[in-house]
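Here is how the chains run, residue by residue.
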Amino acid sequence: MLTFSFNHIALSVKDVDKSVEFYQKVFHLKDIENTASNSKTRWLALSGDIQLHLIPRPNSEIKTDKAVHFALATSDLNSFIKRLVDLKIEYSDWLNTPNKDYIRKDGIKQIYFQDPNGYWIEINNAV
C-alpha cells in the first residue's frame, strides 16, 4: 500500500521578495535553502518538513478564487487575528464579512485573508 505525507505548497508570485516579506511578517516563517535549483524561487519552512515555495512569475496572470485556498491551524486564533489587525491586514469570514470570524458546524472557528498576490489563506483553530 502506498502512503503519502504532505511536502510543500508552491505559489506563483509577481514579486518573490515582497511575498517572502509578507509570509515572514505574518507567519514568522524561516527562509530555507532551495535545494532543487539555482533559480530565484524561495523556500520557506512552514512546520517540520512542510514548506512553502514561492516561484517568481512576474509576467504571469495570477487567478485566485476563495474556494482554492490553503489552511493553517493555530491553537491561539485570537492572538493571530490581533496580529493581522496590528499589521493592517484585512480578514473576513467565508461570506466576505469584514473583520468577522466564522464558526463552522463542527465548532471550528476560521477566518480568511489574502496575500499580496491575492491567494486566499484560511486560519482556523482545528488543532
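Residues numbered from 1 in each chain as written. Predicted model: local features only at pLDDT ≥ 70, side-chain atom pairs only at ≥ 80, totals over all residues. Heavy atoms only, no water.

Student: Lay out the layout of surface pockets with the relevant residues and their values.
Tutor: What the largest pocket holds in volume is close to 200 Å³. In this structure, the largest pocket is lined by F6, I9, F27, H28, L29, L46, S47, I50, F70, A71, L72 and R83. Looking at the lining of the largest pocket, the elements that each hand over two or more residues are strand 3 (42-47) and strand 5 (69-73). The leading source of residues in the lining of the largest pocket is strand 5, at three residues. Split by residue class, the lining of the largest pocket holds nine nonpolar, two polar and one charged. (1 Å grid on protein atoms, 1.4 Å probe; cavity = no way out; pocket = protein on both sides within 12 Å on 5 of 7 lines; lining within 4 Å. Points joined across faces, edges and corners; volume = space filled by probe spheres on them. Helix = DSSP H or I, 4+ residues; strand = E, 2+ residues; numbered from the N terminus. Nonpolar A, V, L, I, M, F, W, Y, C, P; charged D, E, K, R; others polar.)

Student: Quick one: what's the story with the sheet that holds strand 2 (residues 30-32), residue by residue and with numbers?
Tutor: Taken in spatial order, the four strands make up an open sheet running 1-4-3-2, and their pairing is mixed. For this open sheet the edge positions go to strand 1 (8-13) and strand 2, each flanked by a neighbour on one side alone. Recorded for the sheet is a direction-independent mean angle of 30° between the axes of neighbouring strands. In terms of strand pairing, strand 1 meets strand 4 (residues 50-56) through six bridges, oriented parallel. Looking at strand 4, one finds that H8 is bridged to Q51. (Pairing = 2+ DSSP bridges. Axes fitted to C-alpha atoms, helices over the stretch in contact; angles between N-to-C directions.)

Student: Could you give an account of the packing of aromatic side chains, with specific residues and numbers?
Tutor: Counted according to the given criterion, the structure contains seven aromatic pairs. Here F22 and F113 contribute two aromatic rings whose centre-to-centre distance is 6.4 Å and whose plane-to-plane angle is 50°, an arrangement assigned as tilted. Remark: F113 occurs in strand 7 (residues 109-114) and F22 occurs in helix 1 (residues 16-27); sequence separation between them is 91 residues. In this structure, F22 and F113 share a single accessibility class: buried. Between F27 and F80, the aromatic rings sit 5.5 Å apart at their centres with planes inclined by 15°, giving stacked as the arrangement. Here the residue F27 occupies a position in helix 1, and F80 occupies one in helix 2 (residues 77-86), the gap between them amounting to 53 residues. In this pair, the class of F27 matches that of F80, namely buried. One aromatic cluster is present, formed by F22, Y23, F27, F80 and F113 through successive ring pairs. One residue, K66, lies across the ring of W120, its end atom 4.5 Å from the ring centre. (Phe/Tyr/Trp six-rings, centres within 6.5 Å; stacked < 30°, edge-to-face > 60°. Buried < 20%, exposed > 50% of the residue type's maximum accessible area, 1.4 Å probe, protein only. Lys NZ or Arg CZ within 6 Å of the ring centre and 35° of its normal.)

Student: Any chance you could break down helix 1 for me, citing the residues and the numbers?
Tutor: Side chains that are three or four residues apart share a direction in an α-helix, a result of its 3.6 residues per turn. Relative to the 16 Å expected for 12 residues at 1.5 Å per residue, helix 1 spans 16 Å between its end C-alpha atoms, a close match to the ideal helical length. Within helix 1, burial applies to V16, S19, V20, F22, Y23, V26 and F27. The arc that holds the buried residues of helix 1, viewed along the axis, is 160°, so those residues lie on one side. (Expected span 1.5 Å × (residues − 1). Arc of directions from axis to C-beta.)

Student: I'd love a proper account of the side chain of S92, names of residues and values included.
Tutor: As for its position among the elements, S92 is in the loop between helix 2 and strand 6 (102-103). Classification of S92 as buried rests on a relative accessible area of 7%. One polar contact links S92 to K66, side chain to side chain, over a distance of 3.4 Å. Those residues within four positions of S92 in sequence are excluded, and the remaining contacts are K66, T97, P98, N99, K100, I111, Y112 and W120. (Polar contact = N/O pair within 3.5 Å; in protein donor to acceptor, adjacent residues only side chain to side chain. Contact = heavy atoms within 4.5 Å.)

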